[in-house]
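Understanding the architecture of this molecule
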Amino acid sequence: MGKMERFSFVALVAGIIFFLFADFISWALPMFVLKDIPKKSVEDLAAEAIAKNTTAWSDFNKLARYYPESFKKLCEYTEAYSGAGEVIKDCKPNEKTFAKALRIGHRWYIAEGCWNCHSQMVRPVSNETLRFGIPGVSNTVSYPSEFQNELQAPVLWGTKRIGQDLIRVAAVHDVDWHVAHLYNPQSTSPGSVMPGYPWFFEKDKNGNIVPNERGMALLTYIMWLGSWEVKPPKPFRIEVSEK
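Residues numbered from 1 in each chain as written. Predicted model: local features only at pLDDT ≥ 70, side-chain atom pairs only at ≥ 80, totals over all residues. Heavy atoms only, no water.

**Structural notes on the packing of aromatic side chains**
In the structure shown here, the tally under the stated rule is 14 aromatic pairs. Arg-107 extends its terminal NZ or CZ atom over the ring of Tyr-81, reaching a point 5.0 Å from the ring centre. The ring of Trp-108 has Arg-214 sitting right over it, with the charged end atom 4.5 Å from the ring centre. (Phe/Tyr/Trp six-rings, centres within 6.5 Å; stacked < 30°, edge-to-face > 60°. Lys NZ or Arg CZ within 6 Å of the ring centre and 35° of its normal.)

Below is the structure:
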């Protein structure tokens, strides 16, 4: 075997070893880091949001107030896929309805493949804290305890950012913006390549287009992302003025 052949063989073996090592680190390191952090259930997350009066909880109350008929359907909604098997008779914003919406919204976020275009992890590279953090509020990178819960099982870190990272999205826009954006992204973000999701909407008795029960849940989940990092009062966010 000549020198070049030996060099190529060594390089190939070294490349395979480094690839296997990187693959091992990618799943082993997070496992060892997270193993001592208690895993929170969806109910724990809902109770925590209510206790801290986070923006996620206030946004959920807004959705219930803006779309009462859709909220009622959410209470009655049952579906094996998302684990929504209970009809909630005490139909008002509370820990049970909030947890139900989060659970349904999370499953449909996965089902619609939102994670293909949106990541959920602010990494310590390329000024990501400036691009995806909360300006003047929380420019921290993502940390382990953010992902030790049922709504990050599996984790939705993603590998592409055709759209922006969403782990701090609760701080960026209000509910009205997200409703319009989900129905027709180009109405809020001209030139966006994101498709619309009209199947998460329906017409109410007055002919207005409103989120249906699944849309309410998906919006609740999206508005929950990063809400634990939002410290200032809500007016600091970009609000859509009512006409």
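Okay, back to it.
**As for the pattern of salt bridges**
Counted according to the given criterion, the structure contains seven salt bridges. In this structure, Glu-202 and Lys-73 form a salt bridge, with 2.9 Å as the shortest nitrogen-oxygen distance. Here Glu-202, found in strand E1 (residues 201–203), pairs with Lys-73, found in helix H4 (residues 68–76); they are 129 residues apart in sequence, far enough to count as distant. Assessed through its relative accessible area of 24%, Glu-202 is described here as partly exposed. Owing to a relative accessible area of 35%, Lys-73 belongs among the partly exposed residues under this scheme. Here Glu-150 ties to Arg-103 by a salt bridge, and the two come within 3.9 Å at their closest N and O atoms. Taken together, the positions of Glu-150 in the loop between helix H6 (128–132) and helix H7 (175–183) and Arg-103 in helix H5 (residues 95–111) put the pair 47 residues apart, joining distant regions of the chain. Connected through shared salt-bridge partners, Glu-43, Arg-103 and Glu-150 make up one network. (Salt bridge = Lys/Arg side-chain N within 4 Å of Asp/Glu carboxyl O. Helix = DSSP H or I, 4+ residues; strand = E, 2+ residues; numbered from the N terminus. Buried < 20%, exposed > 50% of the residue type's maximum accessible area, 1.4 Å probe, protein only.)

**Observations concerning the environment of Glu-76**
Checked against the element boundaries, Glu-76 lands in helix H4. When its relative accessible area of 43% is taken as the criterion, Glu-76 is described as partly exposed. The sequence separation of Glu-76 and Val-87 amounts to 11 residues, and the corresponding C-alpha distance is 4.7 Å. Beyond its immediate stretch of four places on either side in the chain, Glu-76 contacts Val-87 and Lys-100. (Contact = heavy atoms within 4.5 Å.)

**Brief notes about helix H9 (residues 213–224)**
Counted at 1.5 Å a residue, the expected span for H9 with its 12 residues is 16 Å, and the 17 Å between its end C-alpha atoms agrees. Here H9 lies mainly inside the structure; 11 of its 12 residues are buried. Those residues of H9 that sit buried are Glu-213, Gly-215, Met-216, Ala-217, Leu-218, Leu-219, Thr-220, Tyr-221, Ile-222, Met-223 and Trp-224. Its buried side turned inward, H9 meets helix H2 (42–52), helix H3 (55–66), H4, H5, H7 and strand E2 (209–211). Here H9 starts with a cap whose side-chain oxygen sits 3.1 Å from the backbone nitrogen of Arg-214, and that cap is Asn-212. A positive backbone phi angle near 80 degrees is found at Gly-226, which sits one or two residues after H9. (Expected span 1.5 Å × (residues − 1). Polar contact = N/O pair within 3.5 Å; in protein donor to acceptor, adjacent residues only side chain to side chain.)

**A word on the packing of H3 against H4**
Interhelical geometry of H3 versus H4 gives an angle of 110 degrees and a closest axis separation of 5 Å. The angle between H3 and H4 falls in the class roughly perpendicular. Every residue of H4 that contacts H3 at Phe-60, Ala-64, Arg-65 and Tyr-66 is listed here: Pro-68, Phe-71 and Leu-74. Here the residues of the contact of H3 with H4 are counted per class, giving six nonpolar, no polar and one charged. (Axes fitted to C-alpha atoms, helices over the stretch in contact; angles between N-to-C directions. Parallel < 35°, antiparallel > 145°, perpendicular 65-115°, else oblique. Nonpolar A, V, L, I, M, F, W, Y, C, P; charged D, E, K, R; others polar.)

**Some points on the state of the cysteines**
All chains considered together, the criterion is met by one disulfide. Paired through a disulfide, Cys-75 and Cys-91 show a sulfur-sulfur distance of 2.1 Å. With the S-S dihedral at roughly 85 degrees, the linkage between Cys-75 and Cys-91 falls on the right-handed side. Of this pair, Cys-75 sits in helix H4 while Cys-91 sits in the loop between H4 and H5; the two residues are 16 residues apart in sequence, bridging distant segments of the chain. The class for Cys-75 is buried, based on a relative accessible area of 2%. (Disulfide = S-S within 2.5 Å.)

**A short note on a nonpolar patch on the surface**
Taken together, the side chains of Phe-21, Phe-24, Ile-25, Trp-27, Leu-29, Met-31 and Phe-32 present a nonpolar region at the surface, about 720 Å² in accessible area. Mapping Ile-25 onto the fold places it in helix H1 (residues 3–34). (Patch = residues over 30% accessible without salt bridge, like charges linked within 9 Å, V, L, I, M, F, W, Y side chains within 5 Å. Areas by Shrake-Rupley, 256 points an atom, 1.4 Å probe, with all protein chains shown as cover.)

**A look at the side chain of Glu-79**
By the secondary structure assignment, Glu-79 is in the loop between H4 and H5. In terms of polar contacts, Glu-79 uses its side chain to reach the side chain of Trp-108, at 3.1 Å. Contacts of Glu-79, omitting those with residues within four sequence positions, involve Ala-84 and Trp-108.

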